[in-house]
Amino acid sequence: MEKINHEFYMKKVLDLAKKGKGLVNPNPKVGAIIVKNGEIISEGYHKYYGGPHAEVYALKNAKKDIKGATLYVNLEPCSHYGKTPSCAVAVSKSGIKTVVIAMKDPNPKVSGKGIKILEDSGIEVINGIMEKESKRLNEVFIKHITTKEPFVLMKTASTLDGKIATKTGESKWITGEKSREKVHSVRNEYMGIMVGINTVLKDDPLLTTRIEKGRDPKVIVIDSKLKIPKECKILKTVNDRKIYIACTDKCNKEKKEYLKQIGVNIIELKGNKEERVPLKNLMKVLGEKGLDSILLEGGGTLNFSALKEKIVDKAMCFVAPKIIGGKESKAMIEGEGISHLKDVFTLSSCSVETIGEDILIEGYINK
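Here's a quick rundown of the structure. Everything numeric in this text was worked out from a predicted model, so none of it was measured.

### Observations concerning a positive patch on the surface
Item 1. Residues Lys172, Arg210, Lys233 and Lys236 make up a contiguous surface patch of positive charge.
Item 2. Position of Lys172 relative to the elements: it lies in the loop between strand 6 (151–159) and helix 7 (177–189).

### Remarks on the side chain of Glu55
Item 1. Positionally, Glu55 belongs in helix 2 (residues 54–60).
Item 2. Apart from residues no more than four positions distant in its own chain, Glu55 is found in contact with Ala32, Leu71, Val73, Leu75, Pro77, Cys78, Cys87 and Val91.

### Things to note about the environment of Ile222
Item 1. Structurally, Ile222 is set in strand 8 (residues 218–222).
Item 2. Judged by its relative accessible area of 10%, Ile222 is buried.
Item 3. As a C-alpha pair, Ile222 and Thr237 span 15 residues in sequence and 17 Å in three-dimensional space.
Item 4. Once residues within four sequence positions are removed from consideration, Ile222 is found in contact with Met194, Val195, Gly196, Ile197, Ala246, Val277, Leu279, Leu282 and Leu302.

### Thoughts on the sheet that holds strand 6
Item 1. Strand order in the open sheet formed by nine strands is 10-9-8-7-11-6-12-14-13, and the pairing between neighbours is mixed. Edge positions in the sheet fall to strand 10 (265–269) and strand 13 (347–355), since each has one partner strand and no second. Direction aside, neighbouring strands of the sheet carry axes that sit 20° apart on average.
Item 2. In terms of strand pairing, strand 7 (residues 192–196) meets strand 11 (residues 293–296) through three bridges, oriented parallel. By the bridge assignment for strand 11, Met194 is matched with Leu296.
Item 3. Along the sheet, helix 9 (residues 253–261) makes contact with strand 9 (243–248) and strand 10, crossing strand 10 at roughly 145°.

### Quick look at unusual backbone geometry
Item 1. A cis geometry characterises the amide bond from Asn25 onward to Pro26, with omega recorded as 5°.
Item 2. As for its position among the elements, Pro26 is in the loop between helix 1 (6–17) and strand 1 (31–36).
Item 3. Residue Lys172 is joined to Trp173 through a cis peptide bond whose omega torsion reads -5°.
Item 4. Secondary-structure assignment places Trp173 in the loop between strand 6 and helix 7.
Item 5. Not every positive phi belongs to a glycine, and Lys148 is a case in point at roughly 65°.
Item 6. One can find Lys148 in the loop between helix 6 (139–147) and strand 6.
Item 7. Taking the relative accessible area as the measure of exposure, Lys148 reaches 49% and is therefore partly exposed.
Item 8. Not every positive phi belongs to a glycine, and Lys310 is a case in point at roughly 60°.
Item 9. Among the structural elements, Lys310 can be located in the loop between helix 11 (300–308) and strand 12 (314–320).

### Considering helix 11
Item 1. Among the nine residues of helix 11, seven are classified as buried, and the element is accordingly described as predominantly covered.
Item 2. The complete set of buried residues in helix 11 reads Gly300, Leu302, Asn303, Phe304, Ser305, Ala306 and Leu307.
Item 3. Those residues of helix 11 that are buried are in contact with strand 6, strand 7, strand 8, helix 10 (279–288), strand 11 and strand 14 (358–365).
Item 4. Just downstream of helix 11 lies Lys310, where phi reads positive at about 60°.

### Things to note about the pattern of salt bridges
Pairs can form between side chains of opposite charge once their charged atoms are near each other.
Item 1. Using the criterion set out here, one finds 17 salt bridges in the structure.
Item 2. We note a salt bridge from Lys116 to Asp120, for which the minimum N-O separation is 2.8 Å. Of this pair, Lys116 and Asp120 both sit in helix 4 (residues 113–120), four residues apart, roughly one helical turn.
Item 3. On the basis of relative accessible area, Asp120 is assigned to the exposed category, the value being 57%.
Item 4. In this structure, a network of salt bridges that share partners links the residues Glu139, Lys314 and Glu362.

Rules behind the numbers
Residues numbered from 1 in each chain as written. Predicted model: local features only at pLDDT ≥ 70, side-chain atom pairs only at ≥ 80, totals over all residues. Heavy atoms only, no water. Patch = residues over 30% accessible without salt bridge, like charges linked within 9 Å, V, L, I, M, F, W, Y side chains within 5 Å. Areas by Shrake-Rupley, 256 points an atom, 1.4 Å probe, with all protein chains shown as cover. Salt bridge = Lys/Arg side-chain N within 4 Å of Asp/Glu carboxyl O. Lys, Arg positive; Asp, Glu negative; His and termini not counted. Charge placed at Lys NZ, Arg CZ, Asp CG, Glu CD. Helix = DSSP H or I, 4+ residues; strand = E, 2+ residues; numbered from the N terminus. Contact = heavy atoms within 4.5 Å. Buried < 20%, exposed > 50% of the residue type's maximum accessible area, 1.4 Å probe, protein only. Pairing = 2+ DSSP bridges. Axes fitted to C-alpha atoms, helices over the stretch in contact; angles between N-to-C directions.

Printed below as a string of structure tokens:
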């Protein structure tokens, strides 16, 4: 009997799942295909939050009779009735003979229950095909569903010597156009974008996604004392998206009331010993508010604080083939810094690629 190449089909499933980027949060990205006699007879993917799941599309789109066929899906079919009916139950009644899964549902409340429904109905279940790749694809969903906190990606753009601006503060543009296009694509995928008040005061950014049919992320500004100017660009978008400003209990109370009146969501937390917003506590609050992912586009001070408080999961570092130099030039990581090499922040599972004229280095922060 010829051995079936499950990875061949699962790769196609993962490619389908990627089509849901920026559209399904906080749900996972899921694809599904149905194979019979070596032929793909149907496919589907989760297209938007609240819509039908990938398995449902695949079952409905079948060009031929699916009885005795094999279903490939990168995540265990759901076992419960949420915004849509149980996919595991639908599959169990469909005539599908075998289900090949990349990974179990990471939600501890449901993990394995979908598989049990399938097996109890007599369906053969094969699990763990391209599990690593599937977990990477849905790393945001896994972090949020298991910890109730958002996945945090720290994005930096610097010169070869780690500078993000000249000594006069000039920073546009350190990296090239292709890198900036990539950043807007990532903004479209993440639910929130976070900056510090210094970035707002210096650059007055809009923090939108400038791509066709893109989704503008929610904004989180770290502003301990509420110094944010009333006329800044971000506040002008308050009617179009949610804006969160995190401050401490020592903030400007008059400014706080003004911001609340115009529709800003104020998150007031007790300041830490430096009288700054405690970022770890903030992540818990934002997670409770449903934010599954945050793109951190901070300056050197906020970046160091985020690393120090261990809220960063992954780093995305664009490096331009340029050198600025100078002690007074801003660096991508500042703060008080690390005293001993044994305590440095390290990355693992790093990848390197060329983006236009720049280099992109990505890796996961070892915590």
